[in-house]
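If you want the building blocks of each chain, they are given just below.
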Amino acid sequence: MEAKEHLLTLARYHQWATGHLFLHIQGIPEEDYKKDFGLFFKSVHGTLNHLLVAERLWYTRFADNFSPVVSLDSEIESNRSKLKELAIHESGKWESFIKSLEKIPEKLEYSTMRGFQANLPYMLTLAHVFNHGTHHRGQIIAAITSMGYSSPEIDLVYMLQAEERLQSAET
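Let us look at the structure shown here. Keep in mind that this is a model prediction, so the values were computed, not measured.

1. Regarding the pattern of salt bridges
Oppositely charged side chains may form a pair once their charged atoms are brought near each other. Applying the stated criterion to the full structure yields six salt bridges. Among the ionic pairs, Glu90 bridges to Arg56, the shortest N-O distance being 3.6 Å. On the criterion of sequence distance, the pair formed by Glu90 in helix α4 (residues 80-91) and Arg56 in helix α3 (residues 44-63) is long-range, its members being 34 residues apart. Its relative accessible area of 30% is what places Arg56 among the partly exposed residues. Of the charged contacts, one joins Glu95 and Lys99 as a salt bridge, the two residues approaching to 3.6 Å between their closest N and O atoms. With Glu95 and Lys99 both in helix α5 (residues 93-100) and four residues apart, the pair spans about one turn of that helix. Exposure remark for Lys99: the relative accessible area of 52% places this residue in the exposed category. Taken together, the shared-partner salt bridges connect Glu30, Lys34 and Arg80 into one network.

Okay, structure coming up:
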């Protein structure tokens, strides 16, 4: 598998997993959804907002070659359904961005949140964006299962299996 194809798969998975997580948590009562569960960004809601902040931050770094200064614990959206809509939309931008790359650059130059210049491997840093989402989705799943709710099945292989079933049904 070529690097670009690998990144496209990760981008598809990133949006798919985000959407499935939101579908799964929609029935969780608001008090549990916003409960401080000891996560780095406190609650499920806080962690989802952090994911949206990070999504926009990294996308701007990659697509616009600009490093905005933002607070990683900002609440972009207090409304749960609007947060879901924004998060799915933002996570979906990566696939078309990656497709637009004629070739994958060697390095990504950006300013860190502390104002330092970074010059990191482009592909690995882009893979970090998707890994970061997986990390925080895992935290959310740990929190909701600890509260007694079921866990969504959002491993990459589940997306691949769903895609395979869809392809088989189309043929």
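Let's pick the thread back up.
2. Thoughts on the packing of aromatic side chains
This model, assessed by the stated rule, comprises eleven aromatic pairs. Ring geometry for Trp58 versus Tyr110: centroids 5.2 Å apart, planes at 70 degrees, classification edge-to-face. Of this pair, Trp58 sits in helix α3 while Tyr110 sits in strand β1 (residues 107-111), and the two are 52 residues apart along the sequence. Just as Trp58 is buried, Tyr110 falls in that class too. Joined through ring pairs, the aromatic side chains of Trp58, Tyr59, Phe62, Trp94, Phe97, Tyr110, Tyr122 and Phe130 make up one cluster. Between the NZ or CZ atom of Arg61 and the centre of the ring of Trp58, over which it lies, the distance is 4.5 Å. One cation-aromatic arrangement involves Lys93 over Tyr59; the distance from NZ or CZ to the ring centre is 4.5 Å.

3. Comments concerning the packing of helix α1 (residues 3-25) against α3
Look at α1 against α3: their axes get within 13 Å of each other, and the N-to-C directions meet at 155 degrees. Considered as vectors, α1 and α3 are oriented roughly antiparallel to each other. The crossing of α1 and α3 is left-handed. Where α1 abuts α3, its residues His14, Leu21, Phe22 and Ile25 lie against Val44, Leu48 and Glu55. Broken down by class, the residue content of the contact of α1 with α3 amounts to five nonpolar, one polar and one charged.

4. Digging into helix α6 (residues 122-146)
Look at α6: 36 Å from first C-alpha to last across 25 residues, which is about the 36 Å you get at 1.5 Å a residue. Positive phi appears at Gly148, one or two residues downstream of α6, with a value of about 100 degrees.

5. Here we look at the nonpolar core
The nonpolar side chains of a soluble globular protein tend to be buried, and buried together. Judged by nonpolar contacts, the single largest core of 22 residues is most densely connected at Leu21, Ile25, Tyr33, Val44, Leu48, Ile140 and Ile144. Those elements giving two or more residues to this core turn out to be α1, α3, α4 and α6. In contact with Ile25, other than residues within four places in its own chain, are Tyr33, Val44, Leu48, Arg80 and Ile144.

6. Quick word on unusual backbone geometry
The residue Lys42 is not glycine, and still its phi comes out positive at about 70 degrees. Residues other than glycine seldom take positive phi values, yet Asn65 does so here, at roughly 55 degrees. Structurally, Asn65 is set in the loop between α3 and α4. With a relative accessible area of 60%, Asn65 lands in the exposed category.

Cut-offs and rules
Residues numbered from 1 in each chain as written. Predicted model: local features only at pLDDT ≥ 70, side-chain atom pairs only at ≥ 80, totals over all residues. Heavy atoms only, no water. Salt bridge = Lys/Arg side-chain N within 4 Å of Asp/Glu carboxyl O. Helix = DSSP H or I, 4+ residues; strand = E, 2+ residues; numbered from the N terminus. Buried < 20%, exposed > 50% of the residue type's maximum accessible area, 1.4 Å probe, protein only. Phe/Tyr/Trp six-rings, centres within 6.5 Å; stacked < 30°, edge-to-face > 60°. Lys NZ or Arg CZ within 6 Å of the ring centre and 35° of its normal. Axes fitted to C-alpha atoms, helices over the stretch in contact; angles between N-to-C directions. Parallel < 35°, antiparallel > 145°, perpendicular 65-115°, else oblique. Left-handed = near helix turned anticlockwise from the far one by under 90°. Contact = heavy atoms within 4.5 Å. Nonpolar A, V, L, I, M, F, W, Y, C, P; charged D, E, K, R; others polar. Expected span 1.5 Å × (residues − 1). Core = buried A, V, L, I, M, F, W, Y, C linked by side-chain atoms within 4.5 Å.

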